[in-house]
Amino acid sequence: MILLRYCAMIMEQLIDPGKSNLPGKQRSKAAADFIICGCLNMDIAFFGDSLTAGKPGASYYRMLCRMLPEYRLHNYGHGGDSVIGAFDLVSRLQLQAPFDISFVWIGTNDVFPKVSWTFPLVRRFMGLPWTRSPREFENVYGLLLDELCFRSRVIYTVSPWFVGENLENDWNGELEELAGIVQALSANHGHTTYLDLRALVRSELNNGSVSSYVPRSALTVAWDVLRLKGKTAVDQKAAQRGLKYTLDGVHLNSEGAKMVAEHLARIIKKTPAKQLP
């Protein structure tokens with residue numbers, strides 16, 4: 001029990017949403033990590049889990065802020081969130097005006113708890129639910145899109161990420177199924193486009209030797225949160241583990257964050273304000 005409490009205390013550092021000083025852009029759990037990046041008069045929101053929150057590991061969002069200084073970016077990433085948490089966040093979000101563009105990158109934490117018995121214990125202790133079947137995931141994700149359609153003019157849904165860079169493991173097979181669900185749901189929602197981030201690295205990870213490393217304990221993730229501060233420490237640990245795009249098979253290292261940021265920046269630049277509905 002003491003170990004469980006310690007893991008939960010450290011993992012709560014993942015749930016660090018920052019602050020927002022923009023009136024009307026608020027969430028019930030916590031405010032967004034809001035950064036004004038210029039004066040293009042476009043508000044772009046990023047909904048997700050620790051991959052979007054940016055820790056542990058490297059932050060693609062921070063890189064995007066440097067790449068796109070002319071946009072207003074809002075980070076609603078919440079460490080540990082599954083699609084249930086994202087739905088709860090969006091459904092309680094009260095806005096004075098809809099976002100121009102929203103990215104939804106969620107789903108990894110609906111599979112990640114299966115890696116080790118320690119993850120479900122910590123998640124229950126922290127009050128972080130997750131879906132237990134593809135059908136439940138589909139139902140909740142559909143509700144999430146229904147809610148977000150009222151809060152964003154354009155929506156980009158992003159395929160769930162990996163659990164381990166070995167794409168042949170069972171967890172990635174389950175995530176591939178969830179990605180198919182996200183793609184199908186996106187096709188049935190107006191102004192919604194599906195982005196397959198997994199495809200960007202699939203060919204490279206399928207060719208040659210890849211590391212099978214995944215964190216087998218919540219304590220390992222908590223230890224990474226506590227000890228790895230900054231790009232150099234994150235990338236050195238990823239290299240020790242033989243990983244190319246991630247710190248631990250899930251969370252991004254700087255190479256993975258750069259790849260994600262560059263891809264999303266290209267998408268944003270192809271969605272000019274005058275074309276928004």
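Relevant structure appears above.
Residues numbered from 1 in each chain as written. Predicted model: local features only at pLDDT ≥ 70, side-chain atom pairs only at ≥ 80, totals over all residues. Heavy atoms only, no water.

Before we go on, may I ask you to explain the packing of aromatic side chains in this structure?
Any pair of aromatic rings gets described here by the distance separating the centres and the angle formed by the planes. Evaluation of the coordinates by the stated rule reveals 12 aromatic pairs. When the centroid spacing of 5.9 Å and the interplanar angle of 70° are considered together, the rings of Tyr76 and Phe99 count as edge-to-face. Taken as a pair, Tyr76 in strand β3 (residues 71–77) and Phe99 in strand β4 (residues 99–105) lie far apart in primary sequence, 23 residues in all. Considered together, Tyr76 and Phe99 belong to a single accessibility category, that of buried residues. (Phe/Tyr/Trp six-rings, centres within 6.5 Å; stacked < 30°, edge-to-face > 60°. Helix = DSSP H or I, 4+ residues; strand = E, 2+ residues; numbered from the N terminus. Buried < 20%, exposed > 50% of the residue type's maximum accessible area, 1.4 Å probe, protein only.)

Explain the pattern of salt bridges to me, please; I cannot follow it from the model alone.
Pairing is possible between side chains that carry opposite charge, provided their charged atoms lie close to one another. Tallied over the full model, the rule gives 10 salt bridges. Where Glu174 meets Lys114, a salt bridge forms, and the shortest distance between an N and an O atom there is 2.5 Å. One end of the pair, Glu174, is in helix α7 (residues 170–187); the other, Lys114, is in the loop between β4 and α5 (118–126), and 60 residues separate them in sequence. Glu176 is paired through a salt bridge with Arg202; the nearest N and O atoms lie 3.5 Å apart. Taken together, the residues Glu176 in helix α7 and Arg202 in helix α8 (residues 198–206) connect sequence positions 26 residues apart. Given the relative accessible area of 38%, Glu176 is considered partly exposed. (Salt bridge = Lys/Arg side-chain N within 4 Å of Asp/Glu carboxyl O.)

For this particular structure, what's the right way to read the nonpolar core?
Most often, soluble globular proteins keep nonpolar side chains buried together rather than apart. In this structure, Phe47, Tyr141 and Val163 are the most contacted members of the largest nonpolar core, which totals 38 residues. Among the secondary structure elements, those contributing two or more residues to this core are β2 (43–48), α4 (83–91), β4, α5, α6 (134–149), α7 and α9 (218–227). No other element matches α7, which puts 7 residues into this core. Beyond its immediate chain neighbours, meaning those up to four positions away, Tyr141 contacts Val83, Val104, Ile106, Thr157, Val182 and Leu185. In terms of nonpolar packing, the next biggest core, distinct from the first, is built from 36 residues, Cys65, Leu68, Phe162 and Leu197 among them. (Core = buried A, V, L, I, M, F, W, Y, C linked by side-chain atoms within 4.5 Å. Contact = heavy atoms within 4.5 Å.)

Fair warning: the whole summary comes from geometry, so function is off the table for now.
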